[in-house]
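Structural description and commentary
The residues making up each chain are set out below.
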Amino acid sequence: MTQRNPLPQARRRHRRAQVVALCLLACPLAHAAGVKVEIRGVDEELRANVLAYLSFERYKKGGADLNADTVERLHNRVEREVQSALRPFGYYEPQVESSVSDLGHGDWRITININPGKPVLVANIDVRVDGPGESDPLFQRILQHLPLHDGDRLSHAAYESIKTDLQRTAATYGYLDARLIRNELVVDPPNHKANIALELDTGERYYFGATGIRQDVVSEALVRRYLRYHEGEPFDLTQVLRTQFALDDSQYFSNLEVLPGDPDRSTHIVPVSIRADPSRRHRYSFGAGYATDTGPRGTFGFEDRRLNTRGHSFSVEVQAAQVTKYRLQSRYNVPIGDPAVEKLTLGGSVEQRQLADVTTHTLSVGPSVTEVTGSWQHVWLLSAMRTTSDLPLGAELLPGAHTDRLLVPGVDLASVPKGFLGEALFEHPFFAELRGSHSSLGSDSNFIQLHLQAERVFRLGRKWHLLLRDELGASLVSGFSQLPTVFRFFAGGDNSVRGFAYNDLSPIEAVCTQDPTTKQFLRNPNGSCKSIAGYIKVGGKDVITGTVEVIRDLPNNLGIASFFDYGNAFDRFGTRLQYSVGVGLRVRLPVLTLGIDIAEPLTEPCSPPTATGGTFCPKRSPRLHINFSPKL
């Protein structure tokens, strides 16, 4: 192996000794190590590994003092450390030239020029699986997607990963007697070639035995419905772990252990034991926050996690905010089917909301059934509702308070990740709601409504992300006035079209002029306004919104974003959309991301002419948005 340095060893030592001696004379006082390491001639992957091997780099991170003897000793290690760093990547004969420069004041620059040389290539790789598991798709998938092939540059990491994958797959999926009967990596550096031979004998596969359960929290029958495996099935450690996660998420237990027992080598059976203590039955929660949409807000919650041994639970939550004046919601949950993901819920809520210029008071109660099929969660629901929309007395259409009594069946459909176990999700890549009501059900309104939301994040590079978000809502209703305000759409706000206030984008309704003497609103015989004093936002039957956002990661869990938003709420498709652009800062916290955005509207929605004949187009200015999100 050829290794070069710019000077013979003795001359290099003599020259460095003179430099170090001069430095010590000029800087007699101790000075903390300042080491700058420059590595040339290799790509970033190799450079990173060389730095990991260099003693100079470790001294630099440790902040130790450097004296003449230390610099000499560390420099003598450079060649062999570089060689050790390059071997895992197939470079066995690198040429290394290194030098030390005195920068003054006890600081040093180490320059390392590397010519990695000709790499060692894989001449032949032979990976086999023998025994009863030879044709198992688990092993075949590994054999069909090997990270090394004939002619590839040798990679020790890839070689080790093949061994690890074979052994881990065997241990995880029940081949507990598996062993490597061949494990050979033969390297011939002069000829720049290597031969690899790996052979795994799987042995017999093991199966799940009986599951013993020790707990007195809920009925044993309910616990067994949480199991992700069945007795007699091939042993699969991932299903044991999924059972642990499912039981953890049930919130019935603490100190939970789901452990495979000692395998029976004669019967090839693995028993499983479950042991758990009861969790705290009652849970109280308090929360406070702020967002530019809601203003200050607060939440109080209470939950009884175990009403009985059948696993029934009850919760109640109270919320108050600037937009949602109050909301009281309660749920009674009954686990059904697979209790990790399926349940029957009896729910009820009372709330007052401010939707743009309309105040709503809504009481609803009804059952829902939650199920999961594959990668989709669907919730079937039926709500009996009494909702009152309170408009100004001068409104042209349905002035004052107007109450609707509705029976609303519906279904929600949401995408969930593979292996979903009922854990709380902050977002869904796709979410759809279908609602409807008809007079034949005793409702005061006839309508059907579809609301779709989709979101996707694409990775553009190591530090770049593209976020796309879209929303589409459409209502089929015989007369718009029949659509209760709680089912109307609005746009604008932190999670909609930024640059516009919360619910600021909406169809408008005229407000009649009031006679200053009689205080009566001036109307025509058919109820329309004789003259119009202004307009109020009342929501639309359709909506379109979307976002295109590019995020750049920064150090310290920060990021910057630039975005383009569009959308509007309207009563007929073809209505002009509103647009905005902006920039923002992302602060990544442990479980969510804080977004601080400044958005500038590109358009200015105008109201129709008023009684004076003027058209009001409010002047828009940049708007601050603060919100919390689980994304990015």
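Residues numbered from 1 in each chain as written. Predicted model: local features only at pLDDT ≥ 70, side-chain atom pairs only at ≥ 80, totals over all residues. Heavy atoms only, no water.

Overview of the overall build of the protein
- Helix and strand counts for the protein stand at nine helices and 27 strands.
- When the backbone C-alpha atoms are referred to their principal axes, the protein occupies close to 110 × 75 × 45 Å.
- Relative to its 632 residues, the protein shows a buried fraction of 42%.
- In the protein, once contacts between residues fewer than 6 apart in sequence are set aside, the share between residues at least 24 apart is 58%.
- The distance from the centre of the 71 positive side-chain charges to the centre of the 71 negative ones in the protein is 5 Å. (Helix = DSSP H or I, 4+ residues; strand = E, 2+ residues; numbered from the N terminus. Buried < 20%, exposed > 50% of the residue type's maximum accessible area, 1.4 Å probe, protein only. Contact = heavy atoms within 4.5 Å. Lys, Arg positive; Asp, Glu negative; His and termini not counted. Charge placed at Lys NZ, Arg CZ, Asp CG, Glu CD.)

Here we look at the packing of aromatic side chains
- What the rule picks out here adds up to 12 aromatic pairs.
- For the ring pair W376 and F430, a centre distance of 5.9 Å and an interplane angle of 85° mean the geometry is edge-to-face. Of this pair, W376 sits in strand β16 (residues 376–391) while F430 sits in strand β18 (residues 430–437), and the two are 54 residues apart along the sequence.
- Taking the relative accessible area as the measure of exposure, W376 reaches 37% and is therefore partly exposed.
- The exposure class assigned to F430 is partly exposed, which follows from its relative accessible area of 27%.
- Centroid distance F570 to F573: 5.3 Å. Interplanar angle 70°. Geometry classified as edge-to-face. (Phe/Tyr/Trp six-rings, centres within 6.5 Å; stacked < 30°, edge-to-face > 60°.)

Considering helix α7 (residues 156–172)
- With 17 residues, α7 ought to run about 24 Å at 1.5 Å a step, and its terminal C-alpha atoms sit 24 Å apart, in line with that.
- Where α7 is buried, its residues touch β4 (121–130), α6 (137–144), β5 (179–188), β6 (193–201) and α9 (237–249).
- The positive-phi residue at the C-terminal boundary of α7 is G174, with phi of around 95°. (Expected span 1.5 Å × (residues − 1).)

A word on empty space enclosed by the protein
- Scanning all chains against the criterion turns up two cavities of 30 Å³ or more.
- Of the pockets and cavities examined, the second largest cavity occupies roughly 110 Å³.
- Lining the second largest cavity are 13 residues; nearest its centre among them are L391, L398, S481, T485 and R488.
- Taken together, the elements giving at least two residues each to the lining of the second largest cavity come down to β16 and β17 (400–415).
- The residue inventory of the lining of the second largest cavity, partitioned by class, reads six nonpolar, four polar and three charged. (1 Å grid on protein atoms, 1.4 Å probe; cavity = no way out; pocket = protein on both sides within 12 Å on 5 of 7 lines; lining within 4 Å. Points joined across faces, edges and corners; volume = space filled by probe spheres on them. Nonpolar A, V, L, I, M, F, W, Y, C, P; charged D, E, K, R; others polar.)

A closer look at the pattern of salt bridges
- All chains considered together, the criterion is met by 26 salt bridges.
- A salt bridge links K541 to D542; the shortest N-O distance between them is 3.1 Å.
- Judged by relative accessible area, which is 1%, D542 ranks as buried.
- The network of salt bridges with shared partners includes R498, E549, D565, R586 and D597. (Salt bridge = Lys/Arg side-chain N within 4 Å of Asp/Glu carboxyl O.)

Considering a nonpolar patch on the surface
- A contiguous nonpolar surface patch, about 750 Å² in accessible area, is contributed by Y284, F286, F300, V318, Y326, L328, V350 and L363.
- Among the elements of the structure, β10 (282–291) and β13 (324–335) are those that each provide at least two residues to the nonpolar patch.
- By the element assignment, F300 lies in strand β11 (residues 295–304).
- In this structure F300 comes out as partly exposed when scored by relative accessible area, which is 32%. (Patch = residues over 30% accessible without salt bridge, like charges linked within 9 Å, V, L, I, M, F, W, Y side chains within 5 Å. Areas by Shrake-Rupley, 256 points an atom, 1.4 Å probe, with all protein chains shown as cover.)

Take it as geometry only, folks, not as evidence of what the structure does.
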